[in-house]
Amino acid sequence: MLRELDALASPRIASPPGPELAGEVSKRSEILGSRQGGSQGEGGNEPLPSGPAECMPEQLLLNCRAMRKHDLAAARANEAFHDAIDSGTYAAGAPHLVHPSLVVLHRRLIEDTILEARRHAAEPTVLELGAGDGSATRPMLELGARVTAIDVSQRMLERLGRSCADFGDRLELECALAQEVVARRTRRFDIVVASSFLHHVPDYIALISDAVGLMEPRGQFFSFQDPMRYDGLGRFGSAFSRVAYLSWRVRRGDVLAGLLRRLRRSRGVYLADSVHDNTEYHVTRNGVDQHAIAAHLQRMGFECRVVRYFNTQSAAFQRLGEALGVENTFAVLARRTG
Ligand SMILES: C[S@@+](CC[C@H](N)C(=O)[O-])C[C@H]1O[C@@H](n2cnc3c(N)ncnc32)[C@H](O)[C@@H]1O
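Attention here is on the structure that accompanies the text. (Residues numbered from 1 in each chain as written. Predicted model: local features only at pLDDT ≥ 70, side-chain atom pairs only at ≥ 80, totals over all residues.)

## Some details on the overall build of the protein chain
When helices and strands are counted, the protein chain shows 14 helices and 8 strands. Counting over 338 residues, the protein chain shows a buried share of 47%. Looking at the protein chain alone, contacts between residues at least 24 apart form 77% of all its contacts between residues at least 6 apart. (Helix = DSSP H or I, 4+ residues; strand = E, 2+ residues; numbered from the N terminus. Buried ≥ 20, exposed ≤ 12 C-beta atoms within 10 Å, placed from the backbone. Contact = placed C-beta atoms within 7 Å.)

Encoded structure:
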């Protein structure tokens, strides 16, 4: 799954949308308050500060532990890309939204997570990072959760607000950077969800550490749809995934430019100001390290299950890859045990 990006737009700071929205998208920092200066230690469970809500200027954003320069560049690239893309084009490049087997797997793992939380809380609270237009949000709301959906793209959140308008006050939307929200730590949640999101974040381990600090004692972390480390796929898995991706990619246009970008990256050259290099951050590098995430969560007191599966854009290759047992993508279900 080596997705390339085609749409470009100039980055901008999101502002609140017009009043036509059913779900209200809050301006960054309005809901959760502001906690400047970074997060506490890993997995800390100390009382959360409360305080007036404020927007964080870029310099203060960079002081958050989980927000380094690369993270800010990647977040701005994501804002530009996702604000510019329409829902059809987005879904066409998102296999977990179109292939029935992946839609079912996504839904089943969400159910496992919410039903586990409902053993301890009648209405589990969820912090969803990079919620997009809501492919994970809606099922969680249907299962009785209360969701705070965060996304840097105002346009994505507007679509989410419209499609989940029927859930009223169980849904809160905030247009903000995930790193900023987890650093503030003004509220606790039963579950933190990152669906098709971690690969957009350069320092996803720092983000997970800060997210764990927001969790209730029996908190859960659920992530889905991130590319496994490419250097661990094996020769066949790697070649198969590449051919499957290319069979889809050549029909998307911009082929020569995409090829040149690939050649450049194969020499280890990445451009700091390139939306193409920064949006799907780990997809254009070496995937996401599932072992590092699992080990990190275990160190923080979580029981961790990594679910591996095959994922590609082409429907024919999706069926073939599943039949051959190829694995290139993963989900994480982690529960705090202590
Ligand atoms: C691939 S989409 C996933 C959307 C949805 N969760 C899903 O599973 O279909 C990734 C989303 O993360 C958002 N995003 C990327 N980086 C972000 C960041 N640092 N903070 C908040 N949102 C971010 C993008 O705007 C985009 O909507």
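## Regarding the pairing of strand β3 (residues 146-151)
Summarising burial for β3: 5 of the 6 residues are buried, a large majority. In the sheet, strand β2 (residues 125-129) pairs with β3 via 5 bridges, with the strands oriented parallel. Across the sheet, the residue bridging to L129 is I150, located in β3. Bridge count for β3 against strand β4 (residues 171-175) is 5 bridges, and the pairing is parallel. Bridging across to β4, I150 finds its partner in E174. The parallel pair β3 and β4, bridged by helix α7 (residues 154-163), forms a crossover whose chirality is right-handed. (Pairing = 2+ DSSP bridges. Right-handed = clockwise from strand over helix to strand, strands pointing away.)

## Things to note about unusual backbone geometry
A positive phi is found at S196, a non-glycine position, where the angle reads about 55 degrees. On the secondary structure map, S196 appears in the loop between β5 (189-195) and α9 (204-212). In this structure, Q225 is a non-glycine residue whose phi angle is positive, near 65 degrees. Within the fold, Q225 resides in strand β6 (residues 215-227). For Q225, a count of 25 C-beta atoms within 10 Å gives the class buried.

## A word on the site of the ligand
Close contacts around the ligand come from 22 residues, with A75, N78, G130, G132 and S195 the closest. Sorting the residues of the shell around the ligand by element identifies α2 (69-84), β3 and α8 (178-184) as the ones contributing at least two each. Of the residues forming the shell around the ligand, the biggest block, 3 residues, is contributed by α2. Per-class residue counts for the shell around the ligand are 11 nonpolar, 10 polar and 1 charged. (Near = placed C-beta within 6 Å. Nonpolar A, V, L, I, M, F, W, Y, C, P; charged D, E, K, R; others polar.)

## What to know about the nonpolar core
Most often, soluble globular proteins have nonpolar side chains that are buried together. By size, the foremost hydrophobic cluster in this structure holds 67 residues, and its most contacted members are V192 and F221. Per element, the largest residue contribution to this core is 6 residues, and it comes from α9. When neighbours within four sequence positions are excluded, F221 is seen to be in contact with V192, I208, A211, V212, L297, F302, V332 and A334. F240, Y245, W248 and F310 belong to the second largest nonpolar core, which has 7 residues in total. (Core = buried A, V, L, I, M, F, W, Y, C linked by C-beta atoms within 7 Å.)

## A closer look at the environment of Y281
With respect to the element layout, Y281 can be found in the loop between α12 (275-278) and α13 (290-299). On the basis of neighbour count, Y281 is assigned to the buried category, with 24 C-beta atoms found within 10 Å. Distance from Y281 to L198, taken between C-alpha atoms, is 9.0 Å for residues 83 residues apart in sequence. Contact partners of Y281, with chain neighbours within four places excluded, come to A74, H199, H200, V201 and P202.

## Remarks on the environment of F167
Tracing the chain through its elements places F167 in the loop between α7 and β4. Separated by 21 residues in sequence, F167 and R146 have C-alpha atoms that sit 9.1 Å apart.

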